[in-house]
Structure formats: structure tokens, C-alpha cells
Amino acid sequence: MQLTNRHESNYIIVYPKDSTPSVKHAVQELKKYIFKITGTYIPEFMDNRPEQDKEIVVGYTLRGGFTVEETEELGQEGFILRNRGDKIFIIGSGLRGALYGVYAFLEEKCGCRFYTNDFEKIPYTEVLDIAPFEDSKQIPVFWYRNPYWFSVSNPEISAKLKINGCHGRERFPAKIGGDVHYEGGFEHTIGWLSGQCPYGQRAWVQPCLSDEKTYETVIGNIRNMLKEHPDASLISITQNDGDSGACKCDRCRKVNELEESDMGTMLAFVNRIAEELEDEYPKVMFDTFAYRFTRKPPKNIRPRKNVVVRLCSIECCFRHPLEECAETPGHDDKGERSFADDLRDWSKIAPNLTVWNYTTNFTNFSVLFPDYETLRRNARFFAEHGATGLFEQGNFASLNGEFGELKGYILARLLWDPYMSREKYIELIREFISDFYGKGAPYIEEYIKTVLDNCKDEHFGIYYDNPGHYVWIRECHDKLKGQEEFVRRGKKLFDEAEAAADDDFTFTNIRRSRIQLMDYEDFVIREKINNCQDEAVKSELQAKIVELNKERFDYMRRYGITHNHEFNDISSLSNPDFSVHPLLWEAE
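All of these numbers come straight from a predicted model, not from anything done at the bench. (Residues numbered from 1 in each chain as written. Predicted model: local features only at pLDDT ≥ 70, side-chain atom pairs only at ≥ 80, totals over all residues. Heavy atoms only, no water.)

Trainee: Looking at this structure, I do not really get the packing of helix H10 (residues 375–384) against helix H11 (residues 404–416). What am I missing?
Mentor: Two quantities define a packed helix pair, namely the angle between the axes and the distance from one axis to the other. Where H10 meets H11, the axes come as close as 10 Å, and the angle between the chain directions of the two elements is 25°. With respect to each other, H10 and H11 are oriented roughly parallel. For the crossing formed where H10 meets H11, the hand is right-handed. Here H10 contributes Leu375, Arg376 and Ala379 to the contact with H11, which in turn contributes Ile410, Leu411 and Leu414. Tallied by class, the residues present in the contact of H10 with H11 amount to 5 nonpolar, no polar and 1 charged. (Axes fitted to C-alpha atoms, helices over the stretch in contact; angles between N-to-C directions. Helix = DSSP H or I, 4+ residues; strand = E, 2+ residues; numbered from the N terminus. Parallel < 35°, antiparallel > 145°, perpendicular 65-115°, else oblique. Left-handed = near helix turned anticlockwise from the far one by under 90°. Contact = heavy atoms within 4.5 Å. Nonpolar A, V, L, I, M, F, W, Y, C, P; charged D, E, K, R; others polar.)

This is the structure we're talking about:
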């Protein structure tokens, strides 16, 4: 099928007469990108126009090409790419299905790549031929998908990567199908719902969930919220942050002892609210955490059909697949049960199970966090055990000096297709690295391989400052010498990547990613100072730290990094103390 030939086309785009804003936007996006690819304008018409042989048909039109059973199966977000003769059908709903189908067609059949907020790769050809193809049906596994990374945060890239969770993002407009939104807050909401603290703030002690006053206050606030927002569909009733445990009064303690989990009182409380409001608000789901002390499923109580249980993996090791590793680095009590145990057991009793997973180091945003070999395995593990939503928390505050752009992209792809093969996963990673780092890509790939090869048996969580504890060249045996050798090899690879770069875009990306190595080197130099007895050598090493951090600060400013760790915006910082580690820099 020849869509265009040297700025001419015999094709038209057909869409429903009564199209939604999302379908109309899908048509405009299809036209825009075909023009970018070929320089050819393809006109669009509503489906009340006489039919012709060569058409690209978008949405549920009078042209048919689909069955009623297919529309039910696809739901609001699934789509089918279908070829019949010279016709191409992009079949999907007016909410997000048709739009997602258009972006998939542009990727899979036209060679477009949508990577980050400000980076996409569009091929150019004067002749666009599409080979005949079999039906391609795609239906999401997860109804909630949010890779929480700054690099994929704007609504436009969210639609292209089929991200529908808007937490942290601006609300998605109707032209991209809206979003899945938690009304009244995303997490740790019981504090304000129960009157412990104002809306938008957090309390750190759990309220008594056996107290009738607590119940009346919470359900009253939820009723008010639902009256103010009649379109709300998802309400978070989630415990306060911290690991202090549930209320210890006699009534709460007895329930939790009977249930053999502090989730007993929490789930009973949320179930009661869900039951009281389900007739009045049948489309609303009530969400609660299985987090820290509530992670273990209760023995007897079961979530109601309108309750979502959001299981959180905060204690876990992220170097190894969660289904294989029960380590809890950084947490004193490993406990009797692993996260995998809890996921398997929740999957047996929760009709609506989602997962909150973690994909960065919150203590040090621009540091090695080599979880690339676990991301695919974990997403698949969640899907295989009943999870129907996934929030992958990363660094949403700003760009960072690790590989945040890669992670945001690859996580978005996994959230749409958690069952992708290992071969496809590696292909996507390599393709991203090639396009994002250009001629420097082979050296970046080798650097990542060096990192992964030299931390295979380590266990790390989401809170650590010094990556040298986990990553060092093993053949050196002595850890400090192994750290020094890692710096030497890393510098050589980044130097070669920078030298190979032949445009500003890829050079900038290489430089930004290099910050993780600068962070690593700072710790190595400080360790050498600690082991040194010669004051003159110490002074030389300290001077080296100052020069290294001056260069790092320049990179951070030049390449858009505004946060060094969670909750710490240093964009206003103008003259930090370069002798201390950048983690200690605070906003002025």
C-alpha cells in the first residue's frame, strides 16, 4: 500500500461524523506525522462521504471493519490495526483507543519513535509504502499506568506512550482522552480525611480506625468531595506515611491480632465506607494501601468489589527480580514474609489489585541505580499475579544524572506490554540508547554493561548515598581499588562517547548522564582521604573534590538538573560549598 509518492497521495483519512475530541485529535496527529515523514498532505473527511478504495479509517465509523464483540473486548483503551485490501483500519474507542491506535500505527508501520517530553525521531521518505499486514490487537493489562519520571511527564508524550495516570502531571485534556485521576489526593490521605492535618499536608501517627468519630469525619469529607466532583471515579483512603504501626488501642489491637495483620482495621474501615457509598456512587472505586505494616493480607477480611488494594514494595531489593529476592536492604526487620509472598496472597483475595513500585534512589537522584535487568521481570511478575494497575515511582522532580530518560521510556513501554519478551526489551533499550546518545551509544552501552557486571550479587534498596558500596570492579578484590578502577574505566568510556558525539543534542545527553560518574568519584576520593596519613596528599585530594564539584555544578545548571535528592530543589542555589558532597547542598 503506497500511502504517498513524492508529495502526492491517493489516500484519504476517514473518521466518524460524531467524533469525540480524542478521535479528532488522532486524525490531526496522523496527518501531522505523515506530513513530517513524507512532506505530503493527506486530507480527512467524515464517514458520510462516499467510500473509496484507499482510505485510512480511524475509530468506529460507518465503514465498519469491526464487530460488536470486538468493541466490547477493546474497551476504552484497546485498539486493532487492520488491513483489508487497500484500506487501513485503526479501530478503537473515542476515549483513548483510536488515539493510541494512531500512535501505534505511526510507530509500528511508519517508523516513528516517541521517547521523551522533547525528543522524538521521525524518519523521512518521499515514498511511504506500508506492507500488507495481519491484524494487530492490543489491549492493556493495566488499567492504571504511570511511569513517574520527569522525562515523560507532559500530556503529549503521555498520550504517545499510552500513559493514563496523571499523578504529578497536569490534568490531561479531552483531546487525549482525559486521565485516570485520584480525587482528593494520591497517597497518605487518611490524615486530612480524618482531620489530623489540613488538606495537602501529612500526619505521621495513624488515627484510631475503631473510633466512630474518625469514621464519620472521613466519610463526611469523602461525601463532600464527591458532591464537588461528581465525575470522580477513584478515591484514595490511604494510611499516613511512616512505619509506626496501626493504632494500639484495645479495639484496634484485637481486630489486628485476629487478622494477624495491621491491615485488619484498615481494610475493615475502607470496606465499610465502600459499602455505604456504593449505591449512591456506583462508579467510584475506593483505594487503600498495603504498605509497610499493612502489607500482609488479613486472615479473614476480604476487599469489597469496589475497593482497590495498592501493594507497595518500598522495603525491597531492586537489583534482583522481586519474585526471586526476599532481601530488604536498609530495613532492620526482614520479616517472615517476602513481598512476593504478599503479592501472591493478595492476588487470591483482592478483586482489584494495583502495585506501587520504585525505580530510583531517593537519597541521591544522580547516582547509579542499576535495576535495568529487573524492570521487565517485575512488571511481568505483577501482571502474572493479578495486578491491574502499576505506578512506577522514579525521579519526577527534574532531569537527573543517571539514565532517567531511558527509564521513563522503557517503563512506559512495559506498562503497556508487561509480557514483552526479553529480546524485545533489549531491542527497545538499545534503540533508545542509539537514538538518544548517537555515535556515543556504543560507549554508553559498554558503561551500563560494566555497571551491571560488577554488582550482580549486591542488594540495594531505594535509600543510599554511596553507590561504591555496591558497584566496583570485582577482579580487583580490594574494594577501594575496585572503585578506583571503575572510575578509570567509566571516565574512558564517557570520554570516548563525548569524542564520538557529532551534534549538540547527543553530546548534551552524554554529559548529563556523566554526572552519575562524577558523583561516584566524589565518594571514592573521600574514601582515599579517610585512608591517607599524608596531609599534603589529603590537601591535593580535597582540592580535586572542589574542582570536580565545580564542574558538576556547572553540568547540573547547564543540563537542567534542579534536584539532588527527594524534596530538595536547589535551582536557586548560586554558590554552594564545593568541598562537601553535593547531597549536602541545600536551597538558599
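Trainee: Help me understand the state of the cysteines, please; the structure alone is not making it clear to me.
Mentor: Two cysteines form a disulfide when their sulfur atoms are joined by a covalent bond. Applying the stated criterion to the full structure yields 0 disulfides. Its sulfur unpaired, Cys166 is 18 Å from the next cysteine sulfur, which belongs to Cys312. A disulfide-free cysteine, Cys247 has its sulfur positioned 3.6 Å from the sulfur of Cys249, the nearest such atom. In this structure Cys247 comes out as buried when scored by relative accessible area, which is 17%. (Disulfide = S-S within 2.5 Å. Buried < 20%, exposed > 50% of the residue type's maximum accessible area, 1.4 Å probe, protein only.)

Trainee: Which parts of the structure should I look at to understand empty space enclosed by the protein?
Mentor: Remark: the empty space left among the atoms is shown by a probe the size of a water molecule rolled over them. Inspection of every chain in the model, using the stated rule, returns 5 cavities of 30 Å³ or more. What lines the largest cavity is a set of 13 residues, and nearest its centre among them are Gln206, Pro207, Leu209, Ala246 and Met266. Of the residues assigned to the lining of the largest cavity, the class counts are 8 nonpolar, 4 polar and 1 charged. (1 Å grid on protein atoms, 1.4 Å probe; cavity = no way out; pocket = protein on both sides within 12 Å on 5 of 7 lines; lining within 4 Å. Points joined across faces, edges and corners; volume = space filled by probe spheres on them.)

Trainee: Would you mind going over the nonpolar core with me for this structure?
Mentor: One recurring pattern in soluble globular proteins is that nonpolar side chains are buried together. Counting residues in each nonpolar core, the largest one holds 157 residues, and the members touching the most others are Leu3, Ile222, Ile237, Ile273, Phe286, Trp346 and Tyr447. What Ile222 contacts, discounting residues up to four positions off in sequence, is Leu193, Ile235, Ile237, Ile273, Leu277 and Phe286. Grouped together as the second largest cluster of nonpolar side chains are 17 residues, Met518, Ile525, Ile529 and Ile545 included. (Core = buried A, V, L, I, M, F, W, Y, C linked by side-chain atoms within 4.5 Å.)

Trainee: Would you take a moment to explain the packing of helix H15 (residues 504–530) against helix H16 (residues 535–558) for this structure?
Mentor: Following both chains from N to C, one finds H15 and H16 inclined at 160°, their axes separated by 10 Å at the closest point. When the axis of H15 is compared with that of H16, the two are roughly antiparallel. The handedness of the crossing between H15 and H16 is left-handed. Facing H15, whose interface residues are Arg511, Ile515, Met518, Asp519, Glu521, Asp522, Ile525, Arg526, Lys528 and Ile529, H16 presents Lys538, Leu541, Gln542, Lys544, Ile545, Leu548, Asn549, Glu551, Arg552, Tyr555, Met556 and Arg558. Class assignment for the residues of the contact of H15 with H16 results in 9 nonpolar, 2 polar and 11 charged.

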